Structure formats: structure tokens, C-alpha cells
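Chain by chain, the residues run as shown.
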Amino acid sequence: MRRRAAIAAGGLLILTATVAEARPLRVMALDQCADQYVLALRPDAELALSPRADDPDAWLREAAKGRARVRPTLEAAVAFQPDVVVRYWGGEPRLLTRLEARGTATATIADATDFDGIRTNIRAVAQSLDAVDRGEALIARMDARLVQAASGRPAPGAERPSALYLTPGGFTAGKDTLIDAILNAAGFRNAADRPFFSPVSVERIALFPPVRFVLGFFDQSRADWRGPGRHPVVRDAARGKVAARLPAAALTCPAWFAADAAAMLKADRG
């Protein structure tokens, strides 16, 4: 009788282990940028996406449809029990502290300012998700888009066309930003004279109108609809000078689709 009970218990343990092994990887994304990475790298996993996964400014919003979405809170993580958590900026302090204490694998997307930084991000997240091959395929896709964006660029030493990046809120992006890398990849010279992000006044545009504009986030109708970038003076200054209108979905995350933004910019430049 005891022998039968031992055999039964052993069989139950084997069955439990087999079920545990068969359970798909559980991945929780804590913000919209993380959503894009996990959807691209582990679409076969059991995903818990952020509430903004299918918003209009999400690059893979179509792929997010039908997927579970949860708030990036401690309570949600306790209920979901993720194997891996991916984040860019999301997650409340309590959650991040608990994840660290429990030793839950966490992949953090860095705020990349160039395409090498994006390659590092992809490889780091892919490693955490056991998706190295998918990560390399994603990098190859990005590099192909960069080649496409670079075709037709001015010859080395030749003057490149200048363009000022502008958002509805009246901000531009100079050196040490991913926007600068996108402009350079498409063969443009960044007209911003300050590094990082800085405001551009309506008065400056009126007095010193840029030769070309690259508009970002203007497809979002609610984005700073009273901001300096939508001022009638700016609108008049930009008329006939817009090199490209880059969609918010291509700009919200330091990810591979920044190369798509560069390709769009090149295409619009002709």
C-alpha cells in the first residue's frame, strides 16, 4: 500500500513538473515601449501588456489587440506571476522594489540616443526573453531600413540639407538625441543649435525661419493643440517647407522603428 502511494506521489510530481515545463513564458511589460519589445521578440509568450499597448501612438498596436493588458502595479504582478518583466520607464516604486527582492528577471530598456544604443537594447531584452535569434533578425531589419534611408544621401563632403525638428509643444532636438540620429541617417543636417531637447519660440521662427521643418507628433490631434508648434505664425513659416511629418508611433520609444522614421524622412525628401 505504501509502495503504491509512493509510486502515485512520484507520478504526481512528474506530472506537475511536466505541466510547469509546458507553461509558456510569462512576460509583463510595464509601459508602452516595453510592449513593443515583447510583442516583437516573444509573441508566443503569455504577455501582460500595459494599458497603452494599442494606443494610436504604439508602433505594434495591431499586434497588441486581443492581448491581456494590466496596470503596472504590484497587485497586478502578484496576480500574473511573471517570469520576466520588461520596462523602459514604467512601474511604481513598490513593484520595482518587490521584483528586485524576489529576484524576478527584469530587462530595462535604456534611453538610447543612437542606433548602436538601440542594437544594445534589442540584444539585452532578447537575451532576457530567450529570443536571441529574433533579436538579431530585428537588428537586421533595422539595418536594412537604415540602408534604405541612406540611399541618395549627399556625397561625403557635400553640403547636406538642413532641417529643424519641431513638435506641437514647440520643442526641438539637438545633438545627443535619437532625433538627431534619425536626421543624420536620412542625410539631413540638424538645424538645432543646442544639444538635447530645448524649446523654440514662435518669435525665433518668425525672425529666423528654418529652411526645412521635420514635424513630429503632429498626427496626434490632442497633442499640445494650443502649443507653440501649432501657432499660426509657425504654420505659415512651415508652409511648403515640411520635409516630413513623422508619426508619433515611430518616435515614442528608442527601438528599431526609429530606422523606419529615417526611411520615411528620406522618402519624403525624395
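Preceding this paragraph is the structure being described.
This is a predicted model, so every value here is computed, not measured. (Residues numbered from 1 in each chain as written. Predicted model: local features only at pLDDT ≥ 70, side-chain atom pairs only at ≥ 80, totals over all residues. Heavy atoms only, no water.)

*Asks:* How should I be thinking about the overall build of the protein chain in this particular structure?
*Replies:* From N to C terminus, the protein chain includes eleven helices and eleven strands. Put simply, the protein chain has 270 residues, and 44% of those count as buried. Pairs at least 24 residues apart make up 64% of the contacts formed inside the protein chain by residues separated by at least 6 positions. (Helix = DSSP H or I, 4+ residues; strand = E, 2+ residues; numbered from the N terminus. Buried < 20%, exposed > 50% of the residue type's maximum accessible area, 1.4 Å probe, protein only. Contact = heavy atoms within 4.5 Å.)

*Asks:* What is the right way to look at the state of the cysteines in this model?
*Replies:* By definition, a disulfide links the sulfur atoms of two cysteine residues through a covalent bond. In total, this model carries one disulfide according to the counting rule given. Disulfide partner of C33: C253, at an S-S distance of 1.9 Å. The disulfide joining C33 to C253 has a torsion of about 50° about its S-S bond and is therefore right-handed. One end of the pair, C33, is in helix α2 (residues 32–41); the other, C253, is in the loop between β11 (242–246) and α11 (258–269), with 220 residues separating them in the sequence. For the pair formed by C33 and C253, the shared burial category is buried. (Disulfide = S-S within 2.5 Å.)

*Asks:* I keep staring at the packing of helix α6 (residues 115–128) against helix α7 (residues 132–150) and nothing clicks. Help me out?
*Replies:* Where α6 contacts α7, the axes come no closer than 8 Å and their chain directions differ by 160°. One way to sum up the angle between α6 and α7 is to call them roughly antiparallel. Like other packed secondary-structure pairs, α6 and α7 cross with a definite hand, here right-handed. Side by side, α6 and α7 meet where F115, I118, R119, I122, R123, A126 and Q127 of the first sit next to V132, G135, E136, L138, I139, M142, D143 and L146 of the second. Looking at the contact of α6 with α7 residue by residue, the classes come out as nine nonpolar, two polar and four charged. (Axes fitted to C-alpha atoms, helices over the stretch in contact; angles between N-to-C directions. Parallel < 35°, antiparallel > 145°, perpendicular 65-115°, else oblique. Left-handed = near helix turned anticlockwise from the far one by under 90°. Nonpolar A, V, L, I, M, F, W, Y, C, P; charged D, E, K, R; others polar.)

*Asks:* Any chance you could explain the pattern of salt bridges here in plain terms?
*Replies:* Once their charged atoms are close, side chains differing in charge can pair, the charge on each being opposite to the other. Within this structure, the stated rule accounts for 16 salt bridges. E92 is the salt-bridge partner of R94, the closest N and O atoms lying 3.1 Å from each other. We classify E92 as partly exposed; its relative accessible area is 23%. Taking the shortest distance from any N to any O, the salt bridge between D143 and R119 comes out at 2.8 Å. Taken as a pair, D143 in helix α7 and R119 in helix α6 lie far apart in primary sequence, 24 residues in all. For D143, a relative accessible area of 28% puts it in the partly exposed group. One network of salt bridges, in which partners are shared, links R42, D44 and R134. (Salt bridge = Lys/Arg side-chain N within 4 Å of Asp/Glu carboxyl O.)

*Asks:* Would you mind going over the nonpolar core with me for this structure?
*Replies:* The nonpolar side chains of a soluble globular protein tend to be buried with one another. In terms of nonpolar packing, the biggest core is built from 57 residues, with Y37, V86, F115, L129, I182 and L265 touching the most fellow members. Those residues within four positions of I182 in sequence are excluded, and the remaining contacts are F115, L251, A258, A261, A262 and L265. Counting residues in hydrophobic clusters, the runner-up holds twelve residues, among them A192, V200, V202 and F213. (Core = buried A, V, L, I, M, F, W, Y, C linked by side-chain atoms within 4.5 Å.)

*Asks:* Hey, could you run me through a nonpolar patch on the surface in this one?
*Replies:* On the surface, F171, F196 and F197 cluster together into a nonpolar patch covering about 340 Å² of accessible area. Here F171 shows up in strand β7 (residues 171–173). (Patch = residues over 30% accessible without salt bridge, like charges linked within 9 Å, V, L, I, M, F, W, Y side chains within 5 Å. Areas by Shrake-Rupley, 256 points an atom, 1.4 Å probe, with all protein chains shown as cover.)

*Asks:* Please explain the pairing of strand β10 (residues 213–216) as it appears in this structure.
*Replies:* Side-chain direction in a regular strand flips from residue to residue, so the side chains alternate between the two faces of the sheet. Residues F213 and L215 line one face of β10 and the alternating positions V214 and G216 line the opposite face, and both faces are buried. Pairing between strand β6 (residues 162–166) and β10: three bridges, direction parallel. Its bridge partner being in β10, L166 is matched across the sheet by L215. Taken together, the four bridges between β10 and β11 define a ladder with parallel strand orientation. Note on β11: the bridge partner recorded for F213 is V242. (Pairing = 2+ DSSP bridges.)

*Asks:* Help me understand the sheet that holds β10 in this model?
*Replies:* Strand pairs in the sheet, formed through backbone hydrogen bonds, run parallel or antiparallel to each other. Across the sheet, four strands lie side by side as β8-β6-β10-β11; this open sheet has parallel pairing. Of all strands in the sheet, those with a lone pairing partner are β8 (189–190) and β11, marking the two edges.

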